[in-house]
Amino acid sequence: MPGNVTEELNAVTQSVSQATQQLENARTHLQNLTEHILNSSSVSGNDFVFLLTVFVLACFVGYYIIWKVTPALHSPLMSVTNAISSVIIVGALIAAGPESFSVSKFLGFLAVLLASINIFGGFAVTERMLSLFKKKKG
Amino acid sequence: MTVNYSAFLYLISAVFFILSLRGLSSPKTAIKGNVFGIAGMIIAVCATLFSPVVSSYSFIIAAIAIGAVIGLIIAKRIAMTALPQLVAAFHSLVGLAAVFVAWASFLSPSTYGIGSSGAIAVSSLIEMALGVAIGALTFSGSVVAFAKLQGLLSGKPLRFKGQSILNIALCIVLIILIAHFTKTQSGISFFIVTLLSFALGFLLILPVGGADMPVVISMLNSYSGWAAAGIGFTLKNSLLVITGALVGSSGAILSYIMCKAMNRSIFNVLFAGLKQNQVDHETQNEEKPAHIGSAEDAAVLLKNARKVIIVPGYGMAVAQSQFGLEEMATLLKKDGIDVKYAIHPVAGRMPGHMNVLLAEAKIPYEDVFELEDINSAFTETDVVYVIGANDVTNPLAKTDPSSPIFGMPVLDVEKAHHVIIVKRSLKGTGYSGIDNPVFYAQNTMMLLGDAKKVTEEINHYLKE
């Protein structure tokens with residue numbers, strides 16, 4: 001009889017360890033799956049929907065703000081929006097960022113240069129224009 | 001700095017950009033608005049520089065330093081009359097930068113975390129192709145606009161047979177190529193997409209005439225925004241998407257305002273152009289006598305007025321006569337005469353151009369009024385002084401349905417007691433090529449000559 005108990009115990013331990021192993025396998029599998037989903041295009045599709053949401057809402061914000069701009073300041077509006085659109089420099093900086101030299105790093109360098117001209121020139125000329133708008137003396 | 005951290009800073013930067021545009025609602029808050037814009041840009045650049053994706057700085061700092069020097073020198077030296085071409089040139093830079101960034105993201109997608117070479121997600125490929133196309137179009141279109149405004153190219157519309165068909169064909173080929181590119185990820189088709197978009201930009205803007213430039217510049221302003229947004233989608237960067245949307249909608253609204261001020265649709269401006277019917281009007285031209293006066297007569301009229309409205313147009317900008325106008329207004333105001341300025345939305349070569357030029361001559365902005373705010377005041381005005389403006393005062397736009405400018409909102413100058421019109425000669429009929437009956441009206445006095453010289457002569461008599 002004791003021999004039987006030991007055998008059964010052994011069997012139980014074995015099946016438990018098997019189950020644990022299976023559970024572990026399942027967990028890794030699930031982890032892989034999640035990682036796969038996170039990296040797969042279906043989530044970049046979600047990214048797209050998220051960015052599209054942001055984009056559409058920003059268009060509405062733009063619409064309401066721009067109609068409030070006084071027509072007298074439409075020229076400064078153009079130069080300041082032009083300066084602001086040079087925020088594309090963010091993408092250029094990332095391209096120019098890596099240590100190793102490559103064609104894309106060179107393109108990044110050129111884009112940073114162009115965007116910088118625009119940023120400094122755009123804000124400075126807007127500032128110059130706006131400083132001209134004076135109230136009546138006295 | 002972690003990715004989340006920079007994303008948070010990007011959000012702050014976007015908020016600053018919104019506040020910056022909000023500031024332009026009044027000249028009082030506008031300078032603060034510009035400062036907000038600068039702050040937003042500094043935050044965006046720093047957030048990127050200190051994020052883990054950027055590890056080498058020497059090239060970047062060199063590029064920013066060179067750009068800063070060039071940009072600041074240009075901004076300091078540029079004459080205010082040359083603003084439209086400056087803005088066009090700046091737009092072209094944004095377009096070209098977008099092209100470079102799109103190419104960089106295509107060549108090393110791993111830097112941007114959008115896959116590896118040859119295995120980029122389809123959605124990223126589409127966004128990349130659109131980004132490069134809009135960027136290239138903005139670049140070449142702006143270069144043409146710049147050349148026209150700078151006088152390097154003729155301001156006249158350049159048209160040839162089959163132009164629209166060629167443009168449509170180019171668009172179709174472009175779409176097919178983009179589809180091909182997203183399927184094969186071939187660098188060659190990406191390159192051809194870039195080239196074709198450059199060509200399309202040239203072809204789209206070449207046929208547009210000088211006086212339609214306010215629309216074109218606003219449209220290119222809008223494109224530069226959409227290009228930034230397109231790149232934002234490619235790089236999955238919400239700051240670029242938000243900013244691009246703001247700039248894009250700003251330009252779109254300005255284009256809409258300009259088109260409405262000419263009673264034309266954007267398609268009409270870009271593709272059709274104005275109907276030319278010079279011939280039959282020119283013959284009428286010679287029959288009608290115009291009353292031609294002298295600077296002295298004009299000075300007498302102005303001196304005896306109580307209310308005067310000055311209507312400046314592009315001719316004033318060309319002759320640089322805004323400083324003379326300011327002197328004239330000051331002289332009249334000394335005698336207790338009420339002097340105001342009326343500005344038509346499409347006067348000048350870019351939206352709000354006249355306002356900047358008047359401000360440059362230290363004319364207080366409270367004296368400057370937009371069309372809808374001042375149009376009812378002409379009936380009680382003693383003298384209207386029209387300088388370098390023509391089509392925007394043409395009453396045929398209200399009465400003659402066969403006129404090409406019929407339906408365009410105009411300044412009702414003919415309703416004033418006296419109208420003084422400064423013009424180089426009687427022959428020129430403005431850009432639309434149509435005659436203006438105000439020139440031959442009973443209460444109109446024509447002053448022929450250079451706008452600047454004539455104004456200075458009047459000032460001379462006013463001082464006596």
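Conventions used here
Residues numbered from 1 in each chain as written. Chains lettered and ligands numbered in written order. Predicted model: local features only at pLDDT ≥ 70, side-chain atom pairs only at ≥ 80, totals over all residues. Heavy atoms only, no water. Helix = DSSP H or I, 4+ residues; strand = E, 2+ residues; numbered from the N terminus. Buried < 20%, exposed > 50% of the residue type's maximum accessible area, 1.4 Å probe, protein only. Areas by Shrake-Rupley, 256 points an atom, 1.4 Å probe, with all protein chains shown as cover. Lys, Arg positive; Asp, Glu negative; His and termini not counted. Charge placed at Lys NZ, Arg CZ, Asp CG, Glu CD. Pairing = 2+ DSSP bridges. Axes fitted to C-alpha atoms, helices over the stretch in contact; angles between N-to-C directions. Contact = heavy atoms within 4.5 Å. Buried area = accessible area lost by both parts, 1.4 Å probe. Salt bridge = Lys/Arg side-chain N within 4 Å of Asp/Glu carboxyl O. Polar contact = N/O pair within 3.5 Å; in protein donor to acceptor, adjacent residues only side chain to side chain. Nonpolar A, V, L, I, M, F, W, Y, C, P; charged D, E, K, R; others polar. Parallel < 35°, antiparallel > 145°, perpendicular 65-115°, else oblique. Left-handed = near helix turned anticlockwise from the far one by under 90°. Domains from an automatic or database assignment.

A. Summary view of the overall build of chain B. The number of helices and strands found in chain B is 18 helices and 8 strands. With the C-alpha coordinates aligned to their principal axes, the bounding extent of chain B is approximately 75 × 50 × 35 Å. Here chain B, with 464 residues, has 58% of them falling under the buried criterion. Of the accessible surface of chain B, which amounts to about 18,500 Å², a share of 65% is contributed by carbon and sulfur atoms. Computed over 31 positive and 29 negative side-chain charges, the inter-centroid distance for chain B is 9 Å.

B. Quick look at the sheet that holds strand β8 (residues 444–448) of chain B. Residue and element names in this part refer to chain B. In space, the 6 strands of this open sheet follow the order β5-β4-β3-β6-β7-β8, with parallel pairing throughout. Whereas interior strands pair on both sides, the edge strands pair on one side only; in this sheet they are β5 (368–370) and β8. Going across the sheet, the axis of each strand differs from the next one's by a mean of 25 degrees, ignoring polarity. Sheet contacts for helix α12 (residues 295–303): β3 (307–312), β6 (383–387), β7 (418–423) and β8; angle to β8, the most-contacted strand, approximately 135 degrees. Running at roughly 145 degrees to strand β4 (residues 338–343), helix α15 (residues 353–360) makes contact with β3, β4 and β5 of the sheet.

C. View of the interface of chain B and chain A. Contacts between chain B and chain A engage 102 residues on the former and 79 residues on the latter. Note on chain B versus chain A: buried area summed over both sides is about 8,200 Å², and carbon and sulfur give 79% of it. Counting the contacts that link chain B with chain A gives 0 salt bridges. At the surface where chain B touches chain A, the tally comes to 15 residue pairs in polar contact (both at pLDDT 80 or more). Mapped by element, the contributors of at least two residues to the side of chain B that touches chain A are α1 (3–23), α2 (27–49), α3 (58–77), α4 (83–107), α5 (122–150), α8 (213–235), α9 (238–261) and α15 of chain B. Along the lines of polarity and charge, the residues of the side of chain B that touches chain A split into 66 nonpolar, 26 polar and 10 charged.

D. Looking closely at the packing of helix α6 (residues 163–184) of chain B against helix α7 (residues 187–205) of chain B. Residues and elements named next belong to chain B. At a minimum axis separation of 9 Å, α6 and α7 run at an interaxial angle of 160 degrees. The orientation of α6 relative to α7 falls into the category roughly antiparallel. As α6 packs across α7, the resulting crossing turns out to be left-handed. For the pair formed by α6 and α7, the contact residues are Q163, L166, N167, L170, C171, V173, L174, L177, I178, H180, F181 and T184 on the first element and S189, F190, I192, V193, L196, S197, L200, L203 and L204 on the second. Its residues assigned to classes, the contact of α6 with α7 comprises 15 nonpolar, 6 polar and no charged.

E. Fine view of the pattern of salt bridges. All names here are of chain B. A complete count under the given rule lists 9 salt bridges over all chains for this structure. For K307, the salt bridge goes to E380, with nearest N and O atoms at 3.6 Å. Residue K307 is found in strand β3, and its partner E380 is found in the loop between α16 (371–374) and β6; the two are separated by 73 residues along the sequence. A residue is classified by how much of its surface remains accessible, and E380, at 47% relative accessible area, is partly exposed.

F. Expanded view of the pairing of β6 of chain B. All names here are of chain B. Most of β6 is tucked away, with 5 of its 5 residues classed as buried. By the alternation rule, side chains of β6 split into V383, Y385 and I387 and V384 and V386, which are all buried. As judged from the 5 bridges shared by β6 and β7, these two strands associate in the parallel manner. When the bridges of β7 are listed, V386 appears paired with I421.

G. Representation of the domain arrangement of chain B. Residues and elements named next belong to chain B. Domain boundaries assigned for chain B yield domain 1 (1–77), domain 2 (82–271) and domain 3 (287–463). If you average the C-alpha positions of domain 2 and of domain 3, the two centres end up 38 Å apart. Across the boundary between the two partners, domain 2 contributes 18 residues, which contact 14 residues of domain 3. Summed over both sides, the interface between domain 2 and domain 3 buries roughly 1,300 Å², with carbon and sulfur atoms accounting for 75% of that surface. The tally of links from domain 2 across to domain 3 stands at 0 salt bridges. Run the count over domain 2 and domain 3 and you get 1 residue pair in polar contact (both at pLDDT 80 or more). Among the elements of the structure, α4, α8 and α9 are those that each provide at least two residues to the side of domain 2 that touches domain 3. Taken together, the residues of the side of domain 2 that touches domain 3 sort by class into 12 nonpolar, 3 polar and 3 charged.

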